[in-house]
4 protein chains.
Amino acid sequence: MTKTMKRWTLDTIAVGAPLNLTETAVPKPARGEVLVRVKAVSLNYRDKLVRETGMGLPIQFPFVPASDMAGVIEAVGDDVTRFAVGDRVISTFHPGWIDGKPLGDARTPPYKTLGGFYPGVLSEYISMPEGWFVSAPASLDYAEASTLPCAGLTAWFALVERGKIRPGDSVLVQGTGGVALFGLQIAAAQGAEVFVTSSGPEKLARTKALGAHHGIDRNKGDWVEEVYRLTNDQGIDHIIEIAGGPNFGQSLKAVAPHGRISVIGVLEGFDISGPAAPLLLKSPTVQGIGVGHRRSLEDFVRAVDSIGLKPVIDHRYALGEVPAAFDHLDRGPFGKIVIEL
Amino acid sequence: MTKTMKRWTLDTIAVGAPLNLTETAVPKPARGEVLVRVKAVSLNYRDKLVRETGMGLPIQFPFVPASDMAGVIEAVGDDVTRFAVGDRVISTFHPGWIDGKPLGDARTPPYKTLGGFYPGVLSEYISMPEGWFVSAPASLDYAEASTLPCAGLTAWFALVERGKIRPGDSVLVQGTGGVALFGLQIAAAQGAEVFVTSSGPEKLARTKALGAHHGIDRNKGDWVEEVYRLTNDQGIDHIIEIAGGPNFGQSLKAVAPHGRISVIGVLEGFDISGPAAPLLLKSPTVQGIGVGHRRSLEDFVRAVDSIGLKPVIDHRYALGEVPAAFDHLDRGPFGKIVIEL
Amino acid sequence: MTKTMKRWTLDTIAVGAPLNLTETAVPKPARGEVLVRVKAVSLNYRDKLVRETGMGLPIQFPFVPASDMAGVIEAVGDDVTRFAVGDRVISTFHPGWIDGKPLGDARTPPYKTLGGFYPGVLSEYISMPEGWFVSAPASLDYAEASTLPCAGLTAWFALVERGKIRPGDSVLVQGTGGVALFGLQIAAAQGAEVFVTSSGPEKLARTKALGAHHGIDRNKGDWVEEVYRLTNDQGIDHIIEIAGGPNFGQSLKAVAPHGRISVIGVLEGFDISGPAAPLLLKSPTVQGIGVGHRRSLEDFVRAVDSIGLKPVIDHRYALGEVPAAFDHLDRGPFGKIVIEL
Amino acid sequence: MTKTMKRWTLDTIAVGAPLNLTETAVPKPARGEVLVRVKAVSLNYRDKLVRETGMGLPIQFPFVPASDMAGVIEAVGDDVTRFAVGDRVISTFHPGWIDGKPLGDARTPPYKTLGGFYPGVLSEYISMPEGWFVSAPASLDYAEASTLPCAGLTAWFALVERGKIRPGDSVLVQGTGGVALFGLQIAAAQGAEVFVTSSGPEKLARTKALGAHHGIDRNKGDWVEEVYRLTNDQGIDHIIEIAGGPNFGQSLKAVAPHGRISVIGVLEGFDISGPAAPLLLKSPTVQGIGVGHRRSLEDFVRAVDSIGLKPVIDHRYALGEVPAAFDHLDRGPFGKIVIEL
């Protein structure tokens, strides 16, 4: 008798597209695959965009959403060498991007991800190639570990893999979403001086408890002027630009000469714009960050254990509460939303 | 009897501000200074902007314009160790920026340049600190050598110092101004595949004679589509973005995954704007290039001799023809405009 | 009826171990494999060491030697996507090392290579995973293309991928073997100033014909003093250290401050030694180069076409002349030895 | 009446050369100089070598030893802009090396240092160009601050400026001298996993109190095997090689593939030697570290305040106890030796 499992599926792409909890057979791991018992799934704002718009991706129905999970190896297919039954693993956001340069070309950028081009992970079991997983950090539970593949790695890739931040550098993160809080925690753990822009004193107080040194209330005047004041006009070495739109121009004003702006989000608009003068005269490096590769995720996992980083989870939902979890994305969580299975 | 010299001066900043050929005493080199007999001055589009707007710089009158020159050491002050009488030298655009990080802060970006913050060089003699000069390349005459400090170094800094281009890379330059043609020549000399966008077949034919592999006529359809076609969708590894404005967004579409866009000009607008999606997904590095430091100019001089690079001079004017030379800037020269003294 | 093919095999490892031309069935490409008709095999000094000592590798008999080949795809197995029948390909020296960090650990360094850990390529046909090959450059014939995977890539990886050489840099290569001549040609094509140390005026004359600027006869006094003389005491920016042993100490003396020494060979001893003072005071980067990864080989292939690099082949042997080709390795060829099939 | 001051001088270079406490006039700051009241001087093993051998430097008598100090600006000469009276400052080891590439050439490496090529600082007052100092960190007293210019910066330059260490990296330091303990503290503050090799359990226990994760007793068997055991054969990402001699070969065995060995000392011999195979196959970067430049010292000062690093001082001596302080260098202090004035 075939064993069955539950999973959440979509039969259509639309704003408010129904999420269905359905039943199907547990897959068998093919050659080179591992069968993973999913223990936690972390949602990203992108999962909402895929559900609502498809983001131009080739979606096949029934579609299982979500890209980030943690679980345990339940069975292994032939020729599997990286993992054994019982190993705790997390997924990779870009399967097949191992190290160095990404896949894709100029016309069709690299974007073959789980829960998008590939099926998602919001399922009791998944069977996928062993190379699509990495070992989970020993110091985190499954819910915490599930937040690393996209939000955590994005912050790590921006600040450490690309940004090479150092003790004493100034780092500014915008808002209190998942990537921003990971950025805050990674920067603070490396001895950087951390600035957070957010709305309202309550959220800023919570970021200080997480290690931020300076909170800037976006409701009170020009945040760039406040940066100048706090840094004695030196500006910020590394900015995690999350808003996009004209806020990008503000980041160009706030950045230090030869500093870095990592563009990771577009909450305020799908375009970026800003003045050319500070870009030319201060010569900052501006780089979009589209998550990162497997080797860097392995480095990050090692660092999480080493520095004792604990991801910030706003709320943990049960498997039956997925629609409520998706609704929570709209309200702007403080950190991450996780579904425990 | 004091010896006198001629120089060009401005008494006011305005569109059409009069350029006056005036006479003054030849300066004496102070301690640490060298007196240089100026043999050639190269004009940049920026010299026009300074004449017309002052660019927010603290201009003192009578103001001598222009930043780039080549000449010969005529006398040395006390404690001078880097140069001797008879040495051929060129100026540095950012005096005092030797290597590594530039001067300046986030609020007031680094922009202390000759012919702007400091006096200019359009004068028969100048006396300045010895550290403000580097040796001229042996393989160039004075007119050619005078084109290196700003236009030449900008292209070198973008492609080599920052961009680290390699044989086989694809490089695209926009237009046929001074920086673009230096970029073309440097890239071709390193074995890169060079693309030029320009208007009309005649200019494109001239760029091919200089070593460009592909010419794209901006008057004939979308240049990005033509890039896709010519590169089999791979896109361009290094783009020298000269236009600014919405053309920046086109460059984001044309760049290869993990490529680089060096923003060096703002001919089409003082803002830049473009779509966030290719920035996020292709993760290119975007960097403004504000010329470069003295160590890099020394490297470039060495390379000019090594690869036999001959700067492209559109027209050589005599000292008395400076107003005509400035007018030529408005018409968009093919390469550089030089005044010989 | 099964088709058969010829190949060279060893049944034992020893100095003078017999090379046998044997017959066996042409393999069938398994899932993910391509069957390649081998058209040329290039020998490396390492192939001699493997034949004589095994180099500590797990050799299985009958053992097919050699790692570097060029050929044409004859058939493809299921699920092959990178290549089609008729494509011209070359092998990769380290199968599985795609980009970024290599495989292996500190105790057991990465050294899983063709013609060593894996079977070799001195065979009329080989069937291997498609990921083990890259496209051959269009501008080379098979014999020339077969020299790229080990000798060519080693020089490219040292000078370009790691060394990031630039026009005007000084580059010194030691001797006239395969890697040295590739280093010479790559450096010259990038506008570097190339120095060669070798024995006797005849070989030095031949290197000048290939683009070297300075030849230093190792039989005539201290080569380091000659470097000082030729560089006005500046020293060499990039040294390709091929001899090893105490010659490494000479390279430490010859290198420029903040220069680079790429250690690629051990012709004069399996240890390296030298004085600590120049290492500390000049702070050069010393890096061993163990060939390179597949992404870099793809870059190199692109560059070969772009700069028109023609590998130097000392002699082309026929398939029946393999023992003579191995003997030639002992005599120190000028460039590469290739067997054409 | 001219004010006088005390200073320690040598009239000869020899093992056991007499150190004399002499009196002389307090200097007046020339144009561009600052007069600094010296509050603390830190000794380095190098000061002993200079006293005993001169290290080939052009010593002028009476010679004031020592390079590293902290103090307060007492007066400023004309044209001084970087500092004002009352500012707390520390010295730079290589005056004039601001950023980027060092001074010097291949034959005569860069080594123009205080207490060597230039006069030293073991004096109640010193007057030197303002550019030779940087601001002291606010969080350290003078004795602590005086340890940064040579020992502290060497560790920072090796691990951070050059090594770009990251959280989760493994770092190994050899022994418990000044550079080793700075390396330990910097690495631990960045979330690295720190290994220390030393002799005897007592010193190792003290390093664990400073943040080291693993202590390896060099008296108990092969330290490389212990590294393999502790890292599950992965090896060490960054090794601070302090011993030199054949210990360098051990470091080549212990280093991880693509790791880094920073050679900073020669306690066990003025040569380095080791096997070529791990250098070739693991492709580590080996770099000698000759302290570092002023910009990096400024970065380090900022980091010291940011991470709260407290330098380890073995013993603080009074100005009259300088001979005893020099004797202490021979016995191998745990951390630094400082003279307070």
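What counts and what doesn't
- Residues numbered from 1 in each chain as written.
- Chains lettered and ligands numbered in written order.
- Predicted model: local features only at pLDDT ≥ 70, side-chain atom pairs only at ≥ 80, totals over all residues.
- Heavy atoms only, no water.
- Helix = DSSP H or I, 4+ residues; strand = E, 2+ residues; numbered from the N terminus.
- Buried < 20%, exposed > 50% of the residue type's maximum accessible area, 1.4 Å probe, protein only.
- Salt bridge = Lys/Arg side-chain N within 4 Å of Asp/Glu carboxyl O.
- Contact = heavy atoms within 4.5 Å.
- Buried area = accessible area lost by both parts, 1.4 Å probe.
- Nonpolar A, V, L, I, M, F, W, Y, C, P; charged D, E, K, R; others polar.
- Pairing = 2+ DSSP bridges.
- Axes fitted to C-alpha atoms, helices over the stretch in contact; angles between N-to-C directions.
- Phe/Tyr/Trp six-rings, centres within 6.5 Å; stacked < 30°, edge-to-face > 60°.
- Lys NZ or Arg CZ within 6 Å of the ring centre and 35° of its normal.
- Least-squares fit on C-alpha atoms with pLDDT ≥ 70 in both.
- Polar contact = N/O pair within 3.5 Å; in protein donor to acceptor, adjacent residues only side chain to side chain.
- Domains from an automatic or database assignment.

By the naming in an unreviewed UniProt entry, chain A is NADPH:quinone reductase, taken from Rhizobium multihospitium.

Chemist: How should unusual backbone geometry be read in this particular structure?
Modeler: The phi torsion of most residues other than glycine is negative, and most of the peptide bonds are trans. The omega angle of the peptide bond from Phe61 of chain B to Pro62 of chain B is -5 degrees, so this bond is cis rather than trans. On the secondary structure map, Pro62 of chain B appears in the loop between helix 1 (45-53) and strand 4 (68-76). The phi dihedral of Lys164 of chain A is positive, around 50 degrees, even though this residue is not glycine. The residue Lys164 of chain A is located in the loop between helix 3 (148-162) and strand 8 (170-174) in this model. By relative accessible area, which is 39% here, Lys164 of chain A ends up partly exposed.

Chemist: Can you walk me through the pattern of salt bridges in this structure?
Modeler: Here the idea is simple: oppositely charged side chains can pair when their charged atoms come close. Tallied over the full model, the rule gives 64 salt bridges over all chains. The salt bridge partner of Asp169 of chain C is Arg302 of chain B, with a shortest N-O separation of 3.6 Å. Here Asp169 of chain C, found in the loop between helix 3 (148-162) and strand 8 (170-174), pairs with Arg302 of chain B, found in helix 9 (residues 294-307), and the two come from separate chains. Taking the shortest distance from any N to any O, the salt bridge between Glu340 of chain B and Arg316 of chain B comes out at 2.9 Å. Here Arg316 of chain B lies in strand 15 (residues 313-318) and Glu340 of chain B lies in strand 16 (residues 336-340), a separation of 24 residues in the sequence. With a relative accessible area of 32%, Glu340 of chain B lands in the partly exposed category. One connected set of salt bridges, linked through shared partners, spans Asp99, Glu161, Arg295 and Asp299 of chain A together with Arg166 of chain D.

Chemist: What exactly am I supposed to notice about the interface of chain D and chain C here?
Modeler: It is common to report an interface's size as the accessible area lost on association of the parts. Tallying the contact residues gives 48 residues for chain D and 48 residues for chain C. Summed over both sides, the interface of chain D with chain C buries roughly 3800 Å², with 59% coming from carbon and sulfur. Of the charged contacts, one joins Glu225 of chain C and Arg107 of chain D as a salt bridge, the two residues approaching to 3.3 Å between their closest N and O atoms. If you list the elements that add at least two residues to the side of chain D that touches chain C, you get helix 6 (223-230), helix 7 (247-254), strand 12 (255-263), strand 13 (271-275), helix 8 (276-282) and strand 14 (285-288) of chain D. No other element matches helix 8 of chain D, which puts six residues into the side of chain D that touches chain C. Of the residues in the side of chain D that touches chain C, the class split is 26 nonpolar, 13 polar and nine charged. As paired strands, strand 13 (residues 271-275) of chain C and strand 13 of chain D are joined by five bridges and run antiparallel to one another. Bridged to Pro275 of chain C within strand 13 of chain D is Asp271 of chain D.

Chemist: So what exactly am I meant to see when it comes to the sheet that holds strand 8 of chain A here?
Modeler: Backbone hydrogen bonds hold the strands of a sheet together, and the pairing may be parallel or antiparallel. The strand order across the open sheet built from 12 strands is 10(A)-9(A)-8(A)-11(A)-12(A)-14(A)-14(B)-12(B)-11(B)-8(B)-9(B)-10(B), with neighbouring strands paired in mixed fashion. Only two strands of the sheet have a single neighbouring strand rather than two, namely strand 10 (214-217) of chain A together with strand 10 (214-217) of chain B. The average undirected angle you get between the axes of adjacent strands in this sheet is 15 degrees. Two elements, strand 8 (residues 170-174) of chain B and strand 9 (residues 193-198) of chain B, share five bridges in a ladder whose sense is parallel. When the bridges of strand 9 of chain B are listed, Ser170 of chain B appears paired with Glu193 of chain B. Across the sheet, helix 5 (residues 201-209) of chain A is in contact with strand 9 (193-198) and strand 10 of chain A; its angle to strand 10 of chain A comes to roughly 165 degrees. With respect to the sheet, helix 5 (residues 201-209) of chain B is in contact with strand 9 and strand 10 of chain B, its orientation differing from that of strand 10 of chain B by roughly 165 degrees.

Chemist: Can you help me understand the packing of aromatic side chains in this one?
Modeler: For any pair of aromatic rings, geometry is given as the distance between the ring centres together with the angle between the planes. Under the defined criterion, the tally for this structure stands at 20 aromatic pairs over all chains. With centroids separated by 4.7 Å and ring planes inclined at 55 degrees, the aromatic side chains of Tyr118 of chain A and Trp132 of chain A adopt a geometry described as tilted. Highlighted residues: Tyr118 of chain A in the loop between strand 5 (88-91) and strand 6 (125-129) and Trp132 of chain A in the loop between strand 6 and strand 7 (133-135), separated in sequence by 14 residues. Judged by relative accessible area, which is 22%, Tyr118 of chain A ranks as partly exposed. Judged by relative accessible area, which is 17%, Trp132 of chain A ranks as buried. Here the aromatic cluster, defined as three or more aromatic residues joined through ring pairs, consists of Phe117, Tyr118 and Trp132 of chain A. Over the face of the ring belonging to Phe334 of chain C we find Arg206 of chain C, whose NZ or CZ atom lies 3.8 Å from the ring centre.

Chemist: Before we go on, may I ask you to explain the relation of the copies chain D and chain B in this structure?
Modeler: The pair of chain copies shares a relation made of a rotation about an axis and a shift along it. Superposition of chain D onto chain B requires a rotation of 180 degrees combined with a translation of 0.0 Å along the rotation axis, giving an RMSD of 0.0 Å. Taken together, the turn and the small shift mark the pair as related by a two-fold rotation axis. If distances are taken from each C-alpha of chain D to the rotation axis, the shortest is found for Gly100 of chain D, at 2.5 Å. Comparing interface residues between copies, 100% of those in chain D also lie at the interface in chain B; the contact surface is shared.

Chemist: It is not clear to me how the interface of chain D and chain B should be interpreted in this structure. Could you clarify?
Modeler: Each partner contributes to the interface: chain D provides five residues, whereas chain B provides five residues. Summed over both sides, the interface between chain D and chain B buries roughly 450 Å², with carbon and sulfur atoms accounting for 45% of that surface. Counting the surface chain D buries against chain B, the share from its top three residues, Arg31, Asp99 and Lys101 of chain D, is 74%. At the surface where chain D touches chain B, the tally comes to zero salt bridges. Inspection of the region where chain D meets chain B yields two residue pairs in polar contact (both at pLDDT 80 or more). Considering only residue class, the side of chain D that touches chain B consists of no nonpolar, one polar and four charged.

Chemist: Explain the sheet that holds strand 11 (residues 236-241) of chain D here, please?
Modeler: With respect to topology, 12 strands assemble into an open sheet ordered 10(C)-9(C)-8(C)-11(C)-12(C)-14(C)-14(D)-12(D)-11(D)-8(D)-9(D)-10(D), the strand pairing being mixed. The sheet terminates laterally at strand 10 (214-217) of chain C together with strand 10 (214-217) of chain D, the two strands that pair on one side only. For this sheet the average axis-to-axis angle between neighbouring strands, irrespective of direction, equals 15 degrees. As judged from the four bridges shared by strand 12 of chain D and strand 14 of chain D, these two strands associate in the parallel manner. Each residue of the ladder has a partner; that of Val263 of chain D, found in strand 14 of chain D, is Gly288 of chain D.

Chemist: Please explain the relation of the copies chain D and chain C as it appears in this structure.
Modeler: Superposition record for chain D on chain C: RMSD 0.0 Å, screw rotation 180 degrees, translation along axis 0.0 Å. A symmetric contact is evident, with 100% of the interface residues of chain D recurring at the interface of chain C.

Chemist: What should I look at first to understand the environment of Pro278 of chain A in this one?
Modeler: All names here are of chain A. Checked against the element boundaries, Pro278 lands in helix 8 (residues 276-282). Residues Pro278 and His94 lie 184 residues apart in sequence; the distance between their C-alpha atoms is 34 Å. If we skip the residues at most four places from it in the chain, Pro278 touches Leu252, Ser283 and Pro284.

Chemist: Looking at this model, I keep getting lost on the domain arrangement of chain A. Mind explaining?
Modeler: Residue and element names in this part refer to chain A. Taken as a whole, chain A is organised into domain 1 (4-150 + 292-340) and domain 2 (163-288). In this assembly, 13 residues from domain 1 lie in contact with 13 residues from domain 2. Looking only at domain 1, the three residues that lose the most surface to domain 2 are Leu309, Val312 and Phe334, adding up to 48% of its buried area. For the pair domain 1 and domain 2, the interface holds zero salt bridges. In this structure, the connection of domain 1 to domain 2 is made through two residue pairs in polar contact (both at pLDDT 80 or more). In the side of domain 1 that touches domain 2, the residues fall into nine nonpolar, two polar and two charged.

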